[in-house]
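# Geometric and topological summary
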Amino acid sequence: KYNEKYLLTLNFRRDGTSRFSSDNQWGNFGGAALAWNIGDEDFLKDSKVVSSLKLRASVGLTGQQNLPGVNDLYLDRYRFGNANSRYLSLSFIIPSVVNPDLKWEETTTTEFGIDYGLFDNRFNGALSVFNKTSNDLLFNAALADGTNFGNTAIQNIGQLQINGIEFTLNGDILKSEDYNWNFTF
């Protein structure tokens, strides 16, 4: 905080997982946020209408490493075959699906917003515009015949982008010492 009007937040994490090979085991994720309390500026400080006003912007990167089912696809694994994979009385050992190239699924979120309070904060809320982009999605997808020891495997594929606008409005319709009637939209 600087002068109670300007805010800066920085964060960083380095996460590790045993679900990926040593080449992709670690992920670096961070973010930053800026905010300006415009409501504390001299030109708005004594306003009867605007009781609080804040502009904000943020960007952050997160990682996801949850795998459905088996959590060690980078390892060579073998399993015993079923009754149909026997020749005479010998059981066969069959290799399982392997994917040593799995890595973190990453999501970058960018957001711009404004928080407001009106009439001594009797009404307040926020308006935000955001963009979320996920890369290297972890998905159980089909494999080309003969390229692995199964028909499907968890892989990093594709990108997903979500854009949106969020709006909230809260208000006190009636407020007394014994009674409070409010709404949220």
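Please refer to the structure placed before this passage.
What comes next concerns the included structure.

What counts, and where the lines are drawn
- The numbers attached to residues start from 1 for each chain and follow its sequence in the written order.
- Residue-level local features of this predicted model are given only where pLDDT is at least 70; pairs of side-chain atoms are given and counted only at 80 or more, and the full residue set underlies all totals for whole chains, interfaces and linings.
- The basis for every side-chain value is the complete set of heavy atoms in the structure, and neither hydrogens nor water enter the calculation.
- For the purposes of this entry, the term helix denotes a DSSP run of H or I that reaches at least four residues, the term strand denotes a run of E that reaches at least two, and both are numbered from the N terminus.
- Only protein chains enter the calculation, and the probe is 1.4 Å; a residue is then buried if its accessible area is under 20% of its type maximum, exposed if over 50%, and partly exposed in between.
- For this analysis, residues touch if any pair of their heavy atoms sits within 4.5 Å.
- Here the Shrake-Rupley method, with its probe set to 1.4 Å, supplies the accessible areas, and only the displayed protein chains count as covering residues.
- DSSP bridges decide pairing: two strands pair if at least two such bridges lie between them.
- Geometry is summarised by axes, namely lines fitted to C-alpha atoms with helices restricted to the contacting stretch, and by angles between N-to-C directions that run from 0 to 180 degrees.
- In these notes, a set of buried Ala, Val, Leu, Ile, Met, Phe, Trp, Tyr and Cys residues joined through side-chain atoms within 4.5 Å is what counts as a nonpolar core.
- The criterion for an aromatic pair is that two Phe, Tyr or Trp rings (for Trp, the six-membered ring) have centres within 6.5 Å, with stacked assigned to planes under 30 degrees apart, edge-to-face to planes over 60 apart and tilted to the rest.
- Patch membership needs two things, relative accessible area over 30% and no salt bridge, and members are linked within 9 Å if like-charged or within 5 Å if nonpolar (Val, Leu, Ile, Met, Phe, Trp, Tyr).
- For salt bridges, the criterion is a side-chain nitrogen of Lys or Arg within 4 Å of an Asp or Glu carboxyl oxygen.
- Here a polar contact means two N or O atoms within 3.5 Å. Within protein one must be a hydrogen donor candidate and the other an acceptor candidate, and residues neighboring in sequence count only if both atoms are side-chain atoms.

### So, the overall build of the protein chain
Check the secondary structure of the protein chain and you find 1 helix and 11 strands. When the 185 residues of the protein chain are sorted by exposure, 25% land in the buried category. Sequence-distant contacts in the protein chain: of pairs separated by 6 or more residues, those separated by 24 or more amount to 59%. Total accessible area computed for the protein chain in this model is approximately 12800 Å², and 55% of it derives from carbon and sulfur atoms.

### Quick look at the sheet that holds strand E3 (residues 50-64)
Overall, antiparallel pairing links the 7 strands, which are arranged E1-E2-E3-E8-E9-E10-E11 in an open sheet. Each having just a single partner strand, strand E1 (6-16) and strand E11 (180-184) make up the two edges of the open sheet. On average, each strand axis in the sheet is tilted by 15° relative to the strand beside it, whichever way the strands run. In terms of strand pairing, strand E9 (residues 123-142) meets strand E10 (residues 152-175) through 19 bridges, oriented antiparallel. By the bridge assignment, Phe-139 is partnered in E10 with Gln-155.

### A closer look at the environment of Leu-169
Relative to the helices and strands, Leu-169 is located in strand E10. Separated by 53 residues in the primary sequence, Leu-169 and Tyr-116 place their C-alpha atoms 9.3 Å from one another. Leu-169 has contacts with Tyr-116, Phe-123, Asn-124, Gly-125, Phe-183, Thr-184 and Phe-185, leaving out every residue within four places of it along the chain.

### Re the nonpolar core
By size, the foremost hydrophobic cluster in this structure holds 7 residues: Phe-20, Phe-29, Leu-67, Leu-102, Trp-104, Leu-138 and Ile-154. For Phe-29, the contacting residues outside a window of four places in its chain are Asn-11, Phe-12, Arg-13, Asp-15, Leu-61, Thr-62, Gly-63, Trp-104 and Glu-106.

### Concerning the packing of aromatic side chains
All chains considered together, the criterion is met by 4 aromatic pairs. Their ring planes at 65° and their centres at 5.3 Å tell us that Phe-29 and Trp-104 sit as a pair that is edge-to-face. One end of the pair, Phe-29, is in strand E2 (residues 26-37); the other, Trp-104, is in the loop between strand E7 (93-95) and strand E8 (105-118), with 75 residues separating them in the sequence. With a relative accessible area of 2%, Phe-29 lands in the buried category. Judged by centre distance (6.4 Å) and plane angle (65°), the rings of Phe-167 and Phe-185 are edge-to-face. Placement of the pair is Phe-167 in strand E10 and Phe-185 in the segment after E11, with a sequence separation of 18 residues. Accessibility expressed as a relative area gives 64% for Phe-185, which makes it exposed.

### Side note on a nonpolar patch on the surface
Together, Tyr-2, Tyr-6, Trp-36, Phe-43 and Leu-55 line one region of the surface with nonpolar side chains, adding up to about 550 Å² of accessible area. The topology assignment puts Trp-36 in strand E2. Classification of Trp-36 as partly exposed rests on a relative accessible area of 31%.

### A word on the side chain of Asn-156
With respect to the helices and strands, the residue Asn-156 is situated in strand E10. Among the polar contacts made by the side chain of Asn-156, one reaches the main-chain amide nitrogen of Lys-103 at a distance of 2.8 Å. At 2.8 Å, the side chain of Asn-156 and the backbone oxygen of Asp-136 are in polar contact. In this structure Asn-156 touches Asp-101, Leu-102, Lys-103, Trp-104, Asp-136, Leu-137 and Leu-138, once residues within four positions along its chain are discounted.

### A closer look at the pattern of salt bridges
Under the criterion given, the structure shown has 6 salt bridges. Linking Lys-5 and Glu-41 is a salt bridge whose minimum nitrogen-to-oxygen distance equals 3.5 Å. Remark: Glu-41 occurs in the loop between E2 and helix H1 (42-45) and Lys-5 occurs in the segment before E1; sequence separation between them is 36 residues. Members of the salt-bridge network, linked through shared partners, are Arg-56, Glu-111 and Asp-115.

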